[in-house]
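# Residue-level structure breakdown
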Amino acid sequence: MEQKIKTHKLSSRIKKILEEINKITGEERFILYGGASIDLLINKNTKIHDLDIAIKGINRYRIRKCREKIKKQGFEIIEPSRKYYIHKSKEVILIYAKNKRWFLDIAFLDNFALIGHFNIETLFFRYPQLDYVDRFEALKNIKKKKIRLIRDLKKENPHLLLGRFLRLCSKYEISLNEHKHRKILLDLKTKIQQWKIVSNFHKNAYVSCISSLLKSIIQSHNKRLFVKILIDTSILTAIFPELERVVDIYRSELIKKISNVRKKRGVVVLFGRYLKAPELKLFKKKIKILKTRRWNEQDVECSNYFA
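Now for a description of the structure that goes with this document. All values reported here derive from a predicted model rather than from experimental measurement.

Definitions and cut-offs
- Residue numbers run consecutively from 1 along every chain, following the written order of its sequence.
- Predicted model: local features are reported for residues with pLDDT of at least 70 only, side-chain atom pairs are reported and counted for 80 or more only, and whole-chain, interface and lining totals are derived from all residues.
- No hydrogens and no water enter the side-chain calculation; it runs on all heavy atoms of the structure.
- Every angle, taken between N-to-C directions, lies between 0 and 180 degrees, and every axis is a line fitted to C-alpha atoms, over only the stretch in contact when it is a helix.
- A run of DSSP states H or I qualifies as a helix once it reaches four residues; a run of E qualifies as a strand once it reaches two. Both are numbered from the N-terminal end.
- By the convention used here, residues are in contact when the closest approach between their heavy atoms is within 4.5 Å.
- Polar here means any residue outside two lists: the nonpolar Ala, Val, Leu, Ile, Met, Phe, Trp, Tyr, Cys and Pro, and the charged Asp, Glu, Lys and Arg; Gly therefore counts as polar.
- For each residue, the accessible area found with a 1.4 Å probe, counting protein chains only, is set against the maximum for its type, and the residue is called buried under 20%, exposed over 50%, and partly exposed in between.

## Brief notes about the packing of helix α7 (residues 200-219) against helix α8 (residues 223-232)
Put simply, α7 and α8 touch, their axes get as near as 8 Å, and they point 145 degrees apart. Here Ser-216, Ile-217 and Ile-218 of α7 lie close against α8, whose contacting residues are Lys-223, Phe-226, Val-227 and Leu-230. Across the contact of α7 with α8, the residue classes break down as five nonpolar, one polar and one charged.

Set out below in structure tokens:
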């Protein structure tokens, strides 16, 4: 027997947002998930910019129709059809679009249950039901500052997992030093050190991880402590092995200076300042690849620093 889904009521403001998405996309059934859904429930007056929308089914005609509808609504199409994978082999097609108010990240996939890798990112709003589902008690766990992996680490891309984990912990002030959280970090580090990048998707996942690592440092409430833990767990050097000598020699200085950095580019500048050839050449090469994430202005700004 199919288990009944427990649902919760939404405020009138959130319902209006879902109805606006319906008008913008022309889609009659979708979910809104990710940071916006959580943030709107934590603080009803919060301003949202990024909307993560999921639509069930990968149908080329439907995707094109949705894209054309969005364009007619005054949105600029940033990425018309980006192929992506979750759980290693489950295909997702993404559309990125923006206007002055919102950035839309629209995912077409076959199964909504595959969304989210950690317990605190699985909550979603449903349209046309105008309710929300919180199967893994995301709100409760954010309040308790508890995060856990809900997928099999062996079946996931570790770069994607690490990027998500760091961003979630920094955003919601979840301690990386808590025993179970630190274990997740160390397990991911081990997996990354054993991982081989054998496809374009793996390469994109690695670039995404670099972007997420930089963002997590910037949005962390205690940058010094956050970077200290990244250094102590060797997470920083697992992503940037070329920083190993810098970390050994200038560890205290890096931790002290990171507190003054306000943008991703600032982190790149700080790290690059201590590097010499050939390590600097390798670091530049990695940062320059961030230009492939053309929908992210800070990533493009980072890549242009070494142009």
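That covers the picture; the talk isn't over yet.
## Some remarks on the environment of Ile-255
Summarising the element assignment, Ile-255 is placed in helix α10 (residues 244-257). The contact partners of Ile-255, leaving out residues within four places of it in the chain, are Arg-224, Val-227, Lys-228 and Ile-231.

## Considering unusual backbone geometry
A cis geometry characterises the amide bond from Tyr-127 onward to Pro-128, with omega recorded as 15 degrees. Looking at the secondary structure, you find Pro-128 in the loop between β7 (124-127) and β8 (131-133). Omega for the peptide link from Ala-277 to Pro-278 comes to 5 degrees, which places this bond in the cis form. Among the structural elements, Pro-278 can be located in the loop between α11 (264-273) and α12 (279-288). We note that Glu-137 has phi near 55 degrees; this positive angle belongs to a residue other than glycine. By the element assignment, Glu-137 lies in the loop between β8 and α4 (138-144). On the accessibility criterion, Glu-137 (41% relative accessible area) is partly exposed. The phi angle at Glu-173 is positive, at roughly 55 degrees, despite the residue not being glycine. Topologically, Glu-173 is positioned in the loop between α5 (158-171) and α6 (179-194).

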